Amino acid sequence: MRRPRGEPGPRAPRPTEGATCAGPGEPWSPSPNSMLRLLLSAQASAARLSGLLLLPPVQPCCLGPSKWGDQPPAGGLHAGPVQGLQRLLEQARSPGELLRWLGQNPTKVRAHHYPVALRRLGQLLGSQPRPPPVEQATLQDLSQLIIRNCPSFDIHTIHVCLHLAVLLGFPSDGPLMCALEQERRFRLPPKPPPTLQPVLHGGQRLEAALSCPHFLRRPRQHLIRSLAEARPEELTPHVMVLLAQHLARHRLREPQLLEAIAHFLVVQEAQLSSKVVQKLVLPFGRLNYLPLEQQFMPCLERILAREAGVAPLATVNILMSLCQLRCLPFRALHFVFSPGFINHISDTAVELELPGYRGPRLPRRQQVPIFPQPLITDRARCKYSHKDIVAEGLRQLLGEEKYRQDLTVPPGYCTDFLLCVSSSGAVLPVRTQDPFLPYPPRSCPQGQAASQSTTHDPAQRVVLMLRERWHFCRDGQVLLGSRALRERHLGLMGYQLLPLPFEELESQRGLPQLKSYLRQKLQALGLRWGPEGG
């Protein structure tokens, strides 16, 4: 008996479990990532077609709305002609039948039916040993149907059709792929217009860069270029103070920038107060850099003489920076030692750096220690320090009673490790000796105390000084001013210094190597001791 036109034939048996994925009644949400993996792994037509067998059927509720109104009717997901057409597409037995269901039911076709048809086409071509022949006209008609209706697809339906078309082998430059890709681009959210940045010049750009909390990630050449492009009137004291603080904070020993600050200080001397000058001078002492500007020191002497009594604390800070540079102005000390700020300064530096000075001095009872404890950077970076492993190496090498750790010696300098040494070079137990050398030290020409041999004094003291990576400027070659000052003053007071650079400490692999390294260092000074402790 002949079947009426438009009626479906006998229902094909449902595929067996494992041959295809979930049926139309099972919930599923297609994953673009899984489809993309199939796309990347497809090497040949057969592989692409077999991959289509693994793609679950597309559910109308997963593909979003379209202008056709893809909302399930009140009868449920599989009630009504829309779901009936999906079942017919899923059970079609030939590509021609697929095209017939789509072409003869225009009022029932929805956007999600086209991915269903593409998927079923792949199953028909890949599930049989001898797939049925497909006329080129059939594929063209299917492509034209999708092209004509894809403007109404939502973005998810477009993505699914794109993946399925690629797996089926449609050419990337063909009309179907081009139409779907064009619709996909139309669905992308518009890019926000770029925000217009204000045009900054010279000093403005330098100030904006220095005020940015993430400026350290920028190259230093940006600083130099901004400074070079700035006009003289754009380099305000505020900008130069920001630059000076940035260099000091990040230990950037950049000669071009430091020379620019020194030149600015000389040129603007009359307009600068000592409170501003203390901030401009800070990086020079911190970074242990004496500028080449010839008028730098005469300019500072004039400022100190002019404003010593106006801002005593700023004057002290300027003197501290100059002390770190070993440039205490001899003549200016007569102006700065006055009752207005005398309680704010320790003149230990004056006593050590300028032994020939005979002018006013700070009363002994009002002196303040300079480095009475480990510096803030050491406490903040203690977990990166080599101090603990060096202490353990000394304990096993010398014995716990033959060294002192973090001992503050008069008039207020903290030492890393201190050893007491006899005239013959033997390391003595610290508890049997006075660990401190007399203070104030006896008068001697500057620099001689640090070079005296341990055999000339029956009570020599050896100080092991850790030179960690953060004790240097960022280039790793020059000690910071505060570190150099402490070592210089300890040497001037008569302590024998034994530096332990971070490069040498970092090259030691484990405690045995470190003990051997410390043994060589101590023996090079002529020290000797008994059997290893511990």
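See the structure shown above.
A few points on the structure. Counting restarts for each chain: residues are numbered from 1 in the order of the written sequence. In view of the model being predicted, local features appear only for residues whose pLDDT reaches at least 70, and side-chain atom pairs are presented and counted only at 80 or more, with totals across whole chains, interfaces and linings using the full set of residues. Excluded from the side-chain calculations are hydrogens and water; all other atoms, namely the structure's heavy atoms, are used.

**Describing the packing of helix H7 (residues 155-168) against helix H8 (residues 175-187)**
- It is the contact of H7 with H8, at a shortest axis distance of 10 Å, that shows an interaxial angle of 150 degrees. Judged by the inter-axis angle, H7 sits roughly antiparallel to H8. Every pair of crossing elements has a handedness; the one defined by H7 and H8 is left-handed. Contact with H7, carried on its side by Ile155, Ile158, His159, Cys161, Leu162, Ala165 and Val166, involves Leu176, Met177, Leu180, Glu181, Glu183, Arg184 and Arg187 of H8 and no other residues of that element.
- Residue type decides the class: Asp, Glu, Lys and Arg count as charged, Ala, Val, Leu, Ile, Met, Phe, Trp, Tyr, Cys and Pro as nonpolar, and the leftover types, Gly among them, as polar. Of the residues that constitute the contact of H7 with H8, the class distribution is nine nonpolar, one polar and four charged. Interaxial angle, 0 to 180 degrees, is taken between N-to-C directions of lines fitted to C-alpha atoms, where a helix line uses only the stretch in contact. In DSSP terms, a helix is any run of H or I states spanning at least four residues, a strand is any run of E spanning at least two, and both are numbered starting from the N terminus. In these notes the angle categories are as follows: under 35 degrees is roughly parallel, over 145 is roughly antiparallel, 65 to 115 is roughly perpendicular, and the rest is oblique. Handedness of a crossing follows from how the near helix is turned relative to the far one, being left-handed for an anticlockwise turn of less than a right angle and right-handed for a clockwise one. The contact criterion used throughout is that any non-hydrogen atoms of two residues lie within 4.5 Å.

**What to know about the side chain of Lys387**
- Tracing the chain through its elements places Lys387 in helix H19 (residues 387-397).
- Looking at Lys387, its side chain comes within polar contact range of the side chain of Asp416, at 3.3 Å.
- Leaving out residues up to four positions away in the same chain, Lys387 has contacts with Gln405, Asp406, Asp416, Phe417, Leu466 and Glu468. Within 3.5 Å is the distance limit for a polar contact, defined as a pair of N or O atoms, with the added protein rule that one can donate a hydrogen and the other accept it, and that residues adjacent in sequence qualify only through two side-chain atoms.

**Examining unusual backbone geometry**
- Although it is not a glycine, Arg251 sits at a positive phi angle of roughly 55 degrees.
- Following the sequence through the fold, Arg251 ends up in the loop between helix H11 (237-249) and helix H12 (255-267).
- The exposure class of Arg251 is buried, given its relative accessible area of 12%.
- Of note, the phi angle at Asp406 is positive, near 55 degrees, even though the residue is not glycine.
- Tracing the backbone through its elements, the reader meets Asp406 in the loop between strand E1 (404-405) and strand E2 (408-409).
- Since its relative accessible area comes to 33%, Asp406 is described here as partly exposed. Only protein chains enter the accessibility calculation, which uses a 1.4 Å probe; a residue whose area is less than 20% of its type maximum is buried, one above 50% is exposed, and one in between is partly exposed.

**Some points on helix H5 (residues 113-126)**
- Working rule for helices: expected span equals 1.5 Å times residues minus one. Taking 1.5 Å as the rise per residue, H5 with 14 residues should run 20 Å; its terminal C-alpha atoms sit 20 Å apart, in good agreement.
- Burial within H5 is extensive, with 12 of its 14 residues counted as buried.
- By the burial criterion, the buried members of H5 are His113, Tyr114, Pro115, Val116, Ala117, Leu118, Arg119, Arg120, Leu121, Gly122, Gln123 and Leu124.

**Observations regarding the pairing of strand E4 (residues 417-421)**
- Where burial is concerned, most of E4 is hidden: five out of the five residues are buried.
- Residues Phe417, Leu419 and Val421 point to one face of E4 and Leu418 and Cys420 to the other, with burial holding for every one of them.
- Here, any two strands with at least 2 DSSP bridges between them count as paired. With two bridges joining them, E1 and E4 adopt antiparallel strand pairing. When the bridges of E4 are listed, Gln405 appears paired with Phe417.
- Connecting E4 to the antiparallel partner strand E5 (residues 427-428) that follows it, the hairpin turn spans five residues, and Gly425 within it adopts a positive phi of roughly 95 degrees.

**Let's talk about the pairing of strand E7 (residues 496-501)**
- Relative to E7, strand E6 (residues 460-467) runs parallel, the two sharing six bridges. Paired with Met465 across the bridge in E7 is Pro499.
- Seen with its strands pointing away from the viewer, a crossover is right-handed when the path leading from the first strand over the helix to the second is clockwise. Viewed along the sheet, the connection from E6 through helix H21 (residues 481-492) into E7 turns out right-handed.

**With respect to the pattern of salt bridges**
- When a carboxyl oxygen of Asp or Glu is within 4 Å of a side-chain nitrogen of Lys or Arg, the pair counts as a salt bridge. Counted according to the given criterion, the structure contains 12 salt bridges.
- Arg93 serves as the salt-bridge partner of Glu97, at 3.7 Å between the closest nitrogen and oxygen.
- On the basis of relative accessible area, Glu97 is assigned to the buried category, the value being 9%.
- Judged by its relative accessible area of 44%, Arg93 falls in the partly exposed class.
- A salt bridge links Asp416 to Lys387; the shortest N-O distance between them is 3.3 Å.

**Observations concerning the nonpolar core**
- Among buried residues, those of type Ala, Val, Leu, Ile, Met, Phe, Trp, Tyr and Cys that are joined through side-chain atoms within 4.5 Å constitute a nonpolar core. By size, the foremost hydrophobic cluster in this structure holds 46 residues, and its most contacted members are Leu243 and Leu265.
- Elements that contribute at least two residues to this core include exactly helix H9 (203-211), helix H10 (220-229), H11, H12, helix H13 (274-286), helix H14 (296-307) and helix H15 (312-324).
- Note: domain ranges come from an automatic or database domain assignment. Both of domain 2 (205-353) and domain 3 (379-442 + 457-525) provide at least three residues apiece to this core.
- Setting aside chain neighbours within four positions, we find Leu243 in contact with Leu210, Leu223, Leu227, Leu257 and Ile261.

These results come straight from atomic positions and should not be treated as a statement about function.
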